[in-house]
Amino acid sequence: MEERVRRMKDRDYLWCLVNQLLDDEEELDRLCPACRAQAEEERCPRCGALHQDSAVQVNESFDMERYLSLKEGGGV
């Protein structure tokens, strides 16, 4: 093990993990809704088959435009 790795503290590992999660979220935010839904699907790492028990569920009554408006501070 490298010296710099041995000197790492728990907070250093936490910092790395948090930043990786933020980077992953930023990457998903760049996708259109259809591609994001596909990217979030649980798939077999070997063959790519979709896991039937973990398919992404979509709320058909969700209003994305209203959500984005409210998120940006828009009125109801």
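Look a little higher up for the structure.
Within each chain, residues carry numbers counting from 1 in the order of the written sequence. Totals for whole chains, interfaces and linings use all residues, but because this is a predicted model, local features are given only for residues with pLDDT of at least 70 and pairs of side-chain atoms are given and counted only at 80 or more. Each side-chain value is worked out from all heavy atoms of the structure, with water and hydrogens disregarded.

Asks: Could you give an account of the overall build of the protein chain, with specific residues and numbers?
Replies: Counting its regular elements, the protein chain contains four helices and zero strands. Along the protein chain, helices and strands appear, N-terminal first, in the series α-α-α-α. We compute the radius of gyration from the C-alpha atoms alone; for a globule the expected value is 2.2 Å times N to the 0.38, where N is the number of residues. For 76 residues, the compact-globule estimate of 2.2 N^0.38 gives 11 Å, and the C-alpha radius of gyration of the protein chain, at 19 Å, exceeds that figure by more than 25%. Principal-axis analysis of the C-alpha atoms places the extent of the protein chain at approximately 55 × 40 × 20 Å. By residue count, 1% of the 76 residues in the protein chain fall in the buried class. As displayed, the protein chain has an accessible area near 7300 Å², and 52% of this comes from carbon and sulfur atoms. Secondary structure elements are defined from DSSP: runs of H or I of at least 4 residues count as helices, runs of E of at least 2 residues count as strands, and each element is numbered from the N terminus. When accessible area is computed with a 1.4 Å probe and restricted to protein chains, residues below 20% of their type maximum are described as buried, those above 50% as exposed, and intermediate ones as partly exposed. Note on areas: Shrake-Rupley with a 1.4 Å probe; residue coverage comes only from the protein chains shown.

Asks: Help me get a handle on the pattern of salt bridges, residues and values and all.
Replies: Salt bridges, as used here, are contacts in which a Lys or Arg side-chain nitrogen is within 4 Å of a carboxyl oxygen on Asp or Glu. Counted under the stated rule, the structure contains seven salt bridges. Residues Arg-6 and Glu-3 are paired through a salt bridge, measuring 3.6 Å at the closest nitrogen-oxygen approach. Separated by three residues within a single helix, Arg-6 and Glu-3 lie in helix 1 (residues 3–6), roughly one turn from each other. Assessed through its relative accessible area of 53%, Arg-6 is described here as exposed. When the shortest N-O distance is used, the salt bridge between Arg-36 and Glu-40 registers 3.1 Å. Classification of Glu-40 as partly exposed rests on a relative accessible area of 36%. One connected set of salt bridges, linked through shared partners, spans Glu-25, Asp-29, Arg-36 and Glu-40.

Asks: Break down the packing of aromatic side chains for me, citing the residues and quoting the values.
Replies: Ring pairs shown here join Phe, Tyr and Trp side chains whose ring centres sit within 6.5 Å, with only the six-membered ring taken for Trp; geometry is labelled stacked below 30 degrees between planes, edge-to-face above 60, and tilted in between. Scanning the model with the defined rule gives one aromatic pair in all. For the pair Phe-62 and Tyr-67, a centre-to-centre distance of 5.7 Å together with 50° between the ring planes defines the contact as tilted. Judged by relative accessible area, Phe-62 falls into the partly exposed class, the value being 44%. Overall, the relative accessible area of 41% leaves Tyr-67 in the partly exposed class.

Asks: Please give an account of the state of the cysteines that cites residues and values.
Replies: Disulfides are defined as cysteine sulfur pairs within 2.5 Å. What the rule picks out here adds up to zero disulfides. In this model Cys-35 remains outside any disulfide bridge; the closest cysteine sulfur is found in Cys-32, 3.6 Å from its own. Among the residues examined, Cys-35 registers a relative accessible area of 38% and is labelled partly exposed. Not engaged in a disulfide, the cysteine Cys-47 finds its nearest cysteine sulfur in Cys-44; these two sulfurs lie 3.8 Å apart.

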